[in-house]
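# Examining the three-dimensional arrangement
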Amino acid sequence: MKLKIYLSLAATLLLCFNLSAQPRKELVNVIVTPDRTDWTYDLGERAEFSITVLRNNVPLENISINYTVETDPGYRSVKIWDQGNLTLKNGTVKVKSPKFNTPGFLRCTARVTVDGKEYSSYATAGFSPEKIKATTSLPSDFEAFWNKGKEELAAIPMDAVMTLMPERCTDKVNVYHVQLNNIKGKIYGILCTPKKEGKYPAILHVPGAGIRPYYGDVDEAAQGFVSFTIGIHGIPVNLDQQIYDDLRSGALAGYNTMNLDDKENMYYRRVYLGCIRAVDFLESVSNFNGEDIAVTGGSQGGALSIVTAALDDRIDYLAAFYPALSDLTGFLQGRAGGWPQIFLDDFTNTPEKIEVSKYYDVANFSRFVKAEGWYSWGYNDNVCPPASTYAAYNLIPAKKELHVFQETQHWTFPEQHELKNKWLFSKLGE
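Residues numbered from 1 in each chain as written. Predicted model: local features only at pLDDT ≥ 70, side-chain atom pairs only at ≥ 80, totals over all residues. Heavy atoms only, no water.

## Remarks on the side chain of Asp-381
Rules: Helix and strand definitions follow DSSP, with helices as H or I runs of at least four residues and strands as E runs of at least two, each counted in order from the N terminus. Three exposure classes are used, based on accessible area relative to the maximum for each residue type with a 1.4 Å probe and protein chains only: buried under 20%, partly exposed in between, and exposed over 50%. For the purpose of counting charges, residues Lys and Arg are taken to be positive, whereas Asp and Glu are taken to be negative. His and the chain ends are not included. Just to be clear on terms, a salt bridge is a Lys or Arg side-chain nitrogen sitting within 4 Å of an Asp or Glu carboxyl oxygen. Any pair of nitrogen or oxygen atoms within 3.5 Å is treated as a polar contact; in protein, a donor-acceptor pairing is required on top of that, and neighbouring residues in sequence qualify only through side-chain atoms on both sides.
Position of Asp-381 among the secondary structure elements: in the loop between β17 (372-377) and α9 (386-393). One buried charged residue, Asp-381, remains without a salt bridge, the closest side chain of opposite sign being Arg-107 at 7.2 Å. A polar contact is formed between the side chain of Asp-381 and the backbone nitrogen of Val-383, at a distance of 2.8 Å. A polar atom in the side chain of Asp-381 sits 2.9 Å from the side chain of His-410.

What follows is the structure, given as structure tokens:
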């Protein structure tokens, strides 16, 4: 029963990731605001949250507000530190948090009922997040394990098959469906290349969670980049949507924890090595300039960006939004772990699964990243909680920059993508 519930939750979350939607506008808007503009405090300090409720952009008065204060829970349940009810007067009520003495995050959630309907919102304060340490540990044979995997991959001929997709080509860009040999099957993707003769930098796009078709980045290629977008499931990425829907609810439901008790056959082993095979392919593309390769993605794609850069020193730059699979053992230590937020019940909390997770945890790959990186996420993310992403980020020894957009959840503002592209394109153009 627990397994069925877990798989159902995973499938639902994957569907949510596919939608990647920002919150819709509601009639009543609950606003929770920390008293620091950057939402960040030192250890031992107390955050004070202001709560305002607007209807038609006009502050409401004399309504009851239910509030809770807790460490950021992700989408799971954690211990509530404080809770109560307050009456909204003079436009605002304030809630002062307890002192927070451990690096991490504290969330205030406010709920109101207006005309019989509940509305809610939250804000998450950070306390010395740059001091957050990973709860996972590095296996002594971590490097040897992945070096062996890379050797196994290198022994398999790539045998690239490129099929032109005329219906997707433009006057400036050729688009191909690509098939490559990977360990235990294939890897597929969409390649977009400039038609204009020349040699160009390359960008590898690695995907967020889910099972779906891909279309490539034609605009990116038109700007002068060899752009390769891959899927990770060993199936073509140009099939009818119904096929992906069936796989999502059937054979690939809960793929993110498949074989979690077997490090040689854990689902992500072929995925991580498949990303290296994608880099192999980029190096073979005729109009690649032979020098500059970047990798980028968000959520699961943020994780794969870090993993690829850690395993393959041909990666020069990486840009990652809210990397998943980071510090997976967080819940075992009383704080939110990274997506898919496991180690909470008897199904996952076994010594074998905990140990295998260490070989796939992004925090452990972070230790080996040499590529210069650009990173961005928000404090309100309940899918890839900020404690987990900081746990990985703080371990990265390479040159890096972090752009925090505090209020974002598991979505991004257009400005974040504009910043990312400006940084990435300028680096590849140097």
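## Brief notes about the side chain of Thr-389
As a reminder of what qualifies: Contacts between residues were defined by any pair of non-hydrogen atoms, one from each residue, lying within 4.5 Å.
For Thr-389, the position within the fold is in helix α9. We classify Thr-389 as buried; its relative accessible area is 0%. A polar contact of 3.1 Å, which involves the side chain of Thr-389, links it to the backbone oxygen of Pro-386. When sequence neighbours within four positions are dropped, the list of residues in contact with Thr-389 reads Tyr-322, Pro-323, Ser-326, Trp-377 and Cys-384.

## Here we look at unusual backbone geometry
Cis geometry is found at the peptide bond from Trp-339 to Pro-340, where omega equals 10°. With respect to the element layout, Pro-340 can be found in the loop between β16 (317-321) and α7 (351-357). In this structure, Lys-184 takes a positive phi of about 55° despite not being glycine. Mapping Lys-184 onto the fold places it in the loop between β11 (173-182) and β12 (185-194). The exposure class assigned to Lys-184 is exposed, which follows from its relative accessible area of 55%.

## Quick look at the pattern of salt bridges
Throughout the structure, instances matching the rule amount to 14 salt bridges. Measuring nitrogen to oxygen at the nearest pair gives 2.6 Å for the salt bridge that ties Asp-312 to Arg-314. Overlapping salt bridges, with partners in common, bring together Arg-277, Asp-280, Glu-283, Asp-312 and Arg-314 in one network.

## Some details on the nonpolar core
Here is the rule we go by: Residues grouped as a nonpolar core are buried Ala, Val, Leu, Ile, Met, Phe, Trp, Tyr and Cys residues, joined through side-chain atoms within 4.5 Å.
Counting 118 residues, the largest nonpolar core has Trp-146, Phe-228 and Tyr-272 as the members making the most contacts within it. For this core, the element with the most residues is helix α5 (residues 267-284), which contributes eleven residues. Ignoring anything within four residues of it in the chain, the contact list for Trp-146 reads Arg-269, Tyr-272, Leu-273, Leu-311, Tyr-359, Tyr-360 and Phe-365. Grouped together as the second largest cluster of nonpolar side chains are nine residues, Tyr-188, Tyr-214, Ala-221 and Val-237 included.

## Let's talk about the packing of α5 against helix α6 (residues 300-311)
Each pair of packed helices gets described by two things: the angle between the helix axes and the distance between those axes. Applicable threshold: Lines fitted to C-alpha atoms define the axes, with helix axes restricted to the stretch in contact, and inter-axis angles between N-to-C directions lie between 0 and 180 degrees. Left-handed describes a crossing in which the near helix is turned anticlockwise from the far one by less than a right angle; the clockwise case is right-handed.
Between α5 and α6, the least distance of the axes is 10 Å, while the angle of their chain directions is 65°. Here α5 runs over α6; the crossing is right-handed. Between α5, through Tyr-268, Val-271, Tyr-272, Cys-275, Ile-276 and Val-279, and α6, the contact on the second element is made entirely by Gln-300, Leu-304, Val-307, Thr-308 and Leu-311.

## Notes on the sheet that holds strand β15 (residues 288-298)
Applied cut-off: Paired strands, in this sense, are two strands between which DSSP finds at least two bridges.
Read across the sheet, nine strands follow the order β10-β11-β12-β14-β13-β15-β16-β17-β18 without closing on themselves; strand pairing throughout is mixed. Two strands bound the open sheet, and with one partner strand each, they are β10 (161-164) and β18 (400-404). Here the average twist between neighbouring strands, direction ignored, is 20°. Pairing analysis gives four bridges linking strand β13 (residues 200-205) to strand β14 (residues 226-230), with the strands arranged parallel.

## Side note on helix α10 (residues 414-429)
Put simply, the rule is: To estimate how far a helix should extend, the number of its residues minus one is multiplied by 1.5 Å.
Between its first and last C-alpha atoms α10 spans 22 Å; for 16 residues at 1.5 Å apiece the expected length is 22 Å, and the two agree. Along α10, the residues that are buried comprise Gln-416, Lys-420, Trp-423, Leu-424, Phe-425, Lys-427 and Leu-428. Elements that come into contact with the buried residues of α10 comprise β13, α3 (218-222), β15, β16, β17 and β18.

## Observations concerning the packing of helix α2 (residues 142-154) against α5
Definition in use: Working rule for angles: under 35 degrees goes down as roughly parallel, over 145 as roughly antiparallel, 65 to 115 as roughly perpendicular, anything else as oblique. Note that Gly is not counted as nonpolar here; it falls among the polar residues with everything else outside the nonpolar set of Ala, Val, Leu, Ile, Met, Phe, Trp, Tyr, Cys and Pro and the charged set of Asp, Glu, Lys and Arg.
Running from N to C, α2 and α5 cross one another at 55°; their axes reach a closest spacing of 10 Å. Our classification of the angle between α2 and α5 gives oblique. Helix-helix and strand crossings are classified by hand; for α2 and α5 the assignment is right-handed. Residues Phe-145, Trp-146, Gly-149, Lys-150, Glu-152, Leu-153 and Ala-154 of α2 form the contact with α5, whose participating residues are Arg-269, Tyr-272, Leu-273, Ile-276, Arg-277 and Asp-280. Classifying every residue of the contact of α2 with α5 gives seven nonpolar, one polar and five charged.

## Section: the sheet that holds strand β6 (residues 80-87)
Taking strand neighbours across the sheet as the criterion, the five strands line up as β2-β9-β8-β5-β6 in an open arrangement whose pairing is mixed. In the strand order of this sheet, the two ends are held by β2 (40-41) and β6, each with one partner. Here eleven bridges tie strand β8 (residues 104-114) to strand β9 (residues 117-127), and the two strands are oriented antiparallel to one another. Across the sheet, the residue bridging to Cys-108 is Ala-123, located in β9.

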